[in-house]
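# Examination of the molecular architecture
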Amino acid sequence: MVLSNNGHRNLERSIVLASNNPGKIREINALLAAQTVKVLPQEEFGVPEVEETGLSFVENALIKARNASLHTGLPALADDSGIEVDALGGEPGIYSARYAGVGATDEANLLKLLEDMAEVPEAKRQARFQCILVYMKHAKDPTPIICQGTWEGRLLTKSAGKHGFGYDPIFWVPTHHCASAELDPEVKNQLSHRRQALDKFVTAFSAIKG
Ligand code: ITT
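Nothing here was measured: the structure is a model prediction, and the numbers come from that model.

It is worth spelling out the packing of aromatic side chains at this point. Taken as a whole, this structure holds six aromatic pairs when the rule is applied. Judged by centre distance (4.4 Å) and plane angle (45 degrees), the ring pair of F129 and F171 falls under tilted. Of this pair, F129 sits in strand β4 (residues 126-136) while F171 sits in strand β6 (residues 171-173), and the two are 42 residues apart along the sequence. A residue is classified by how much of its surface remains accessible, and F129, at 6% relative accessible area, is buried. Taking 5.5 Å as the distance between ring centres and 50 degrees as the angle between the ring planes, the aromatic pair formed by Y135 and F201 counts as tilted. Of this pair, Y135 sits in strand β4 while F201 is found in helix α5 (residues 193-209), placing the two residues 66 residues apart along the sequence. A network of ring pairs unites the aromatic residues F129, W151 and F171 as a single cluster.

Taken as a whole, the largest pocket encloses approximately 900 Å³ of empty space. Lining the largest pocket are 37 residues, and of these N21, K24, E52, K64 and A97 lie nearest its centre. Those elements that provide at least two residues to the lining of the largest pocket are α1 (22-31), α2 (57-72), β3 (76-85), α3 (106-116) and α5. Split into classes, the residues belonging to the lining of the largest pocket amount to 12 nonpolar, 13 polar and 12 charged.

Moving on to the site of the ligand. As a matter of local geometry, the ligand sits amid 21 residues, with S19, N20, K24, K64 and K188 nearest to it. Within the contact set of the ligand, an oxygen atom lies 2.7 Å away from a side-chain nitrogen or oxygen of S19. Between an oxygen atom of the ligand and a side-chain N or O atom of K188, the distance comes to 2.7 Å. In isolation the ligand offers 620 Å² of accessible surface; the protein chains occlude 92% of this area. Structurally, the ligand is housed in the largest pocket. Of all the secondary structure elements, the ones that give two or more residues to the shell around the ligand are β3 and α5. The biggest single contributor to the shell around the ligand is β3, with four residues. Split into classes, the residues belonging to the shell around the ligand amount to four nonpolar, eight polar and nine charged.

Conventions used here
Residues numbered from 1 in each chain as written. Predicted model: local features only at pLDDT ≥ 70, side-chain atom pairs only at ≥ 80, totals over all residues. Heavy atoms only, no water. Phe/Tyr/Trp six-rings, centres within 6.5 Å; stacked < 30°, edge-to-face > 60°. Helix = DSSP H or I, 4+ residues; strand = E, 2+ residues; numbered from the N terminus. Buried < 20%, exposed > 50% of the residue type's maximum accessible area, 1.4 Å probe, protein only. 1 Å grid on protein atoms, 1.4 Å probe; cavity = no way out; pocket = protein on both sides within 12 Å on 5 of 7 lines; lining within 4 Å. Points joined across faces, edges and corners; volume = space filled by probe spheres on them. Nonpolar A, V, L, I, M, F, W, Y, C, P; charged D, E, K, R; others polar. Near = heavy atom within 4 Å. Polar contact = N/O pair within 3.5 Å; in protein donor to acceptor, adjacent residues only side chain to side chain. Areas by Shrake-Rupley, 256 points an atom, 1.4 Å probe, with all protein chains shown as cover. Sits in = over half its atoms within 2 Å of the grid points.

As structure tokens, this is what we get:
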């Protein structure tokens, strides 16, 4: 999808992307580049941040999509995602962005996770990324599109690689024998939880667009 907004002249073919995370925005735009509709980040509309008060990825994605649609009058796509670690009972999960505290940096979150996992042996370091996408035609849409993608891997004991964002440097990709942050961005975009959710979204979206 085309990121540039052409002065917002043709908004009827536009979707607002309910995210302020540059890593996600980059990946979503690359993954949707072939689509004809424009995806405009909510920052371009001055959409205020909304508190993620849900107890699931789905609830938080709904909250973010509804908020963006409400403030722009446009259809909205939101991504709520995170990493689940089996040895921590699924934590940080929906709290991945604030694992080291509200407003924590990616680096601080990653270091806290490494610290919490310091004593956990190799065989018990299973983890997965989850991505839930929610698309709402308008703020009161009673039948939003909801798509999920999951990417299985393991947690490393130290960072590796410079690509990606968030927890990518400590996420071991068993199929490629490297950290997610060591993958070329195009390769990550063929494999990731976000890619899997977006594939489902494109199919569902094409169906409603006729
Ligand atoms: P928005 O709500 O504005 O979209 P956010 O970063 O707050 O941005 P989330 O609440 O969904 O988004 O938190 C996602 C967390 O999971 C955040 O810590 C990310 O770094 C991490 N994460 C999600 N997808 C990831 C990926 O592909 N690679 C590495 N980390 C990822």
